[in-house]
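What the coordinates show
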Amino acid sequence: MITAIASVGSWGDADGITGFIDQVKHPSWWSEDVQPPQVGDRLHTVVLDDTRDPPRLSALQSDVDIARVLRERE
């Protein structure tokens, strides 16, 4: 769920883990048909980089699809 909005992205909480979604990793950056994130929005996200503090997340379907393929290979 989106918990805060910043000028370069948004903060989200994923099952108790706080992460950051850069604006280019939100679908609204790429499509005029998608509204910018708002506090309270629920998104399906994946972790791009858990070594950063806070972890970097993505809400792009292409990143979600890649994550699924990688998980299947494990």
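Look above for the structure.
Overview of the structure. The structure displayed is predicted, hence computed values, not measured ones. (Residues numbered from 1 in each chain as written. Predicted model: local features only at pLDDT ≥ 70, side-chain atom pairs only at ≥ 80, totals over all residues. Heavy atoms only, no water.)

1. Some words on the pattern of salt bridges
Between side chains of opposite charge, a pair can form when the charged atoms approach closely. Throughout the structure, instances matching the rule amount to 2 salt bridges. Two residues, K25 and D63, come together in a salt bridge whose shortest N-O distance is 3.1 Å. Here the residue K25 occupies a position in the loop between β3 (17–22) and β4 (46–49), and D63 occupies one in helix α1 (residues 61–73), the gap between them amounting to 38 residues. Using a relative accessible area of 23% as the deciding quantity, one classes K25 as partly exposed. Among the salt bridges present, the one from R68 reaches D65, with a minimum N-O distance of 3.8 Å. Of this pair, R68 and D65 both sit in helix α1, 3 residues apart, roughly one helical turn. Classification of D65 as partly exposed rests on a relative accessible area of 36%. (Salt bridge = Lys/Arg side-chain N within 4 Å of Asp/Glu carboxyl O. Helix = DSSP H or I, 4+ residues; strand = E, 2+ residues; numbered from the N terminus. Buried < 20%, exposed > 50% of the residue type's maximum accessible area, 1.4 Å probe, protein only.)

2. Digging into the packing of aromatic side chains
Using the criterion set out here, one finds 2 aromatic pairs in the structure. Taking the centre distance of 5.0 Å and the plane angle of 70 degrees together, the rings of W11 and F20 count as edge-to-face. Judged by relative accessible area, which is 30%, W11 ranks as partly exposed. Residue classification places F20 among the buried positions, given a relative accessible area of 6%. Ring plane angle 80 degrees and centroid distance 6.4 Å describe the contact between W29 and W30, whose orientation is recorded as edge-to-face. When its relative accessible area of 59% is taken as the criterion, W30 is described as exposed. (Phe/Tyr/Trp six-rings, centres within 6.5 Å; stacked < 30°, edge-to-face > 60°.)

3. Structural notes on the layout of surface pockets
For the largest pocket, the calculated volume is near 200 Å³. Along the walls of the largest pocket sit M1, I2, G12, D13, A14, D15, I21, D41, R42, L43, T45 and L57, which together make up its complete lining. A breakdown of the residues in the lining of the largest pocket according to their chemical character gives 6 nonpolar, 2 polar and 4 charged. (1 Å grid on protein atoms, 1.4 Å probe; cavity = no way out; pocket = protein on both sides within 12 Å on 5 of 7 lines; lining within 4 Å. Points joined across faces, edges and corners; volume = space filled by probe spheres on them. Nonpolar A, V, L, I, M, F, W, Y, C, P; charged D, E, K, R; others polar.)

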